[in-house]
Amino acid sequence: MKTLKEYYNEALNFKPQHPIDDETANFICDFIYDNKIEKMLEIGSGVGYSANYFAINSSIFQIDSYEKEFGFFLFAKDNSMSKKIKFIWEDFLYGELKYIRFNKYPLIFIDAAKSKQKEIFEKSLQFLSDKGTIIVDNINLNRVKEKSDDLNIDSRKAKNIKKMLTKAAEFKEYLNCIENFDVKFLNIGDGIVICKRK
């Protein structure tokens, strides 16, 4: 059986990217254990590395994970290391979500389109259980900011990055004002925000 490190390397060979930081993944595993969470919803499977990390290194029993890009979904599904994970190919924001229509989750993890974080967060609320928690990754977008400082970047890409950073700032402001949630920003990895329903 392959190791997570081997899975990680295979994922990078499949498509260069930046899977979840180990610091962030370990924090979430500890959160799952400390709060006795048995199932979670992940929005944005990517190559499936984070779901496999949680399945192997935490006490979770069930992970339902959505991915809109077929190539990523197929890689994650074909290379899954755990029967605890159900990878679902569908755009969470615009899909019908029939598979989880009547489900509630004590933990929702969002690592999806950075320009649509607010919209994805709002749609995910219907699947959050009472006293449940939503964790959003990459809230600081530090790697994106580093790209914006590149003098060789073309104007179109620079414009898209500026738009993404503006949307991220607006999402942070939205979370600071949201009612019925305790919100905590942590400088872990590329920044995460923990939103616990009161």
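Preceding this section is the structure that the text describes.
Rules used throughout
- Residues numbered from 1 in each chain as written.
- Predicted model: local features only at pLDDT ≥ 70, side-chain atom pairs only at ≥ 80, totals over all residues.
- Heavy atoms only, no water.
- Core = buried A, V, L, I, M, F, W, Y, C linked by side-chain atoms within 4.5 Å.
- Buried < 20%, exposed > 50% of the residue type's maximum accessible area, 1.4 Å probe, protein only.
- Contact = heavy atoms within 4.5 Å.
- Helix = DSSP H or I, 4+ residues; strand = E, 2+ residues; numbered from the N terminus.
- Pairing = 2+ DSSP bridges.
- Right-handed = clockwise from strand over helix to strand, strands pointing away.
- 1 Å grid on protein atoms, 1.4 Å probe; cavity = no way out; pocket = protein on both sides within 12 Å on 5 of 7 lines; lining within 4 Å.
- Points joined across faces, edges and corners; volume = space filled by probe spheres on them.
- Phe/Tyr/Trp six-rings, centres within 6.5 Å; stacked < 30°, edge-to-face > 60°.
- Lys NZ or Arg CZ within 6 Å of the ring centre and 35° of its normal.

Engineer: Go over the nonpolar core, please, and point to the residues and values.
Structural biologist: Looking at soluble globular proteins, one finds that nonpolar side chains tend to be buried together. Core analysis: the largest hydrophobic core is formed by 32 residues, its most contacted members being Ile 28, Met 40, Phe 54, Ile 63, Leu 107 and Ile 135. If near-sequence neighbours (up to four positions away) are discounted, Met 40 is found in contact with Ile 32, Phe 54, Ile 60, Gln 62, Ile 63, Asp 64, Tyr 105, Leu 107 and Phe 109. One finds Ile 88, Ile 110, Phe 171 and Ile 178 within the second-largest nonpolar core, a separate group that totals 25 residues.

Engineer: Account for the pairing of strand S4 (residues 105–110), with residues named and values stated.
Structural biologist: Burial within S4 is extensive, with five of its six residues counted as buried. Relative to S4, strand S1 (residues 39–43) runs parallel, the two being bridged by four bridges. Its bridge partner being in S4, Ile 43 is matched across the sheet by Ile 110. Inspection of the sheet shows S4 paired to strand S5 (residues 128–137) by five bridges, in the parallel sense. If you follow Phe 109 over to S5, its bridge partner there is Ile 135. Taken together, S4, helix H5 (residues 117–124) and S5 constitute a β-α-β crossover, and its handedness is right-handed.

Engineer: Report on the layout of surface pockets, specifying residues and quantitative values.
Structural biologist: Within this model, the largest pocket holds a volume of roughly 1400 Å³. Forming the walls of the largest pocket are 45 residues, and the residues nearest its centre are Phe 72, Asp 111, Ala 112, Ala 113 and Lys 114. For the lining of the largest pocket, the secondary structure elements donating two or more residues are S1, helix H3 (49–57), strand S2 (62–67), helix H6 (142–148) and helix H7 (155–177). At five residues, the largest contribution of residues to the lining of the largest pocket is made by H7.

Engineer: Go over the packing of aromatic side chains with me, naming the residues and quoting the values.
Structural biologist: Considering all chains together, one arrives at 16 aromatic pairs under this definition. Seen from their ring centres, Tyr 8 and Tyr 49 are 5.2 Å apart, and the 70 degrees between their planes marks the pair as edge-to-face. Placement of Tyr 8 in helix H1 (residues 4–14) and of Tyr 49 in helix H3 is noted, with a sequence separation of 41 residues between them. On the basis of relative accessible area, Tyr 8 is assigned to the partly exposed category, the value being 22%. With a centroid separation of 6.0 Å and an interplanar angle of 40 degrees, the aromatic rings of Phe 70 and Phe 73 are classed as tilted. Here Phe 70 and its partner Phe 73 are both found in helix H4 (residues 70–79), three residues apart, which amounts to about one turn of the helix. Judged by relative accessible area, which is 38%, Phe 70 ranks as partly exposed. Exposure remark for Phe 73: the relative accessible area of 9% places this residue in the buried category. Across from the ring centre of Tyr 105, 5.0 Å away, lies the NZ or CZ of Lys 39, which sits over that ring. Between Lys 123 and the ring centre of Phe 92, over which it is positioned, the NZ or CZ distance is 5.9 Å.

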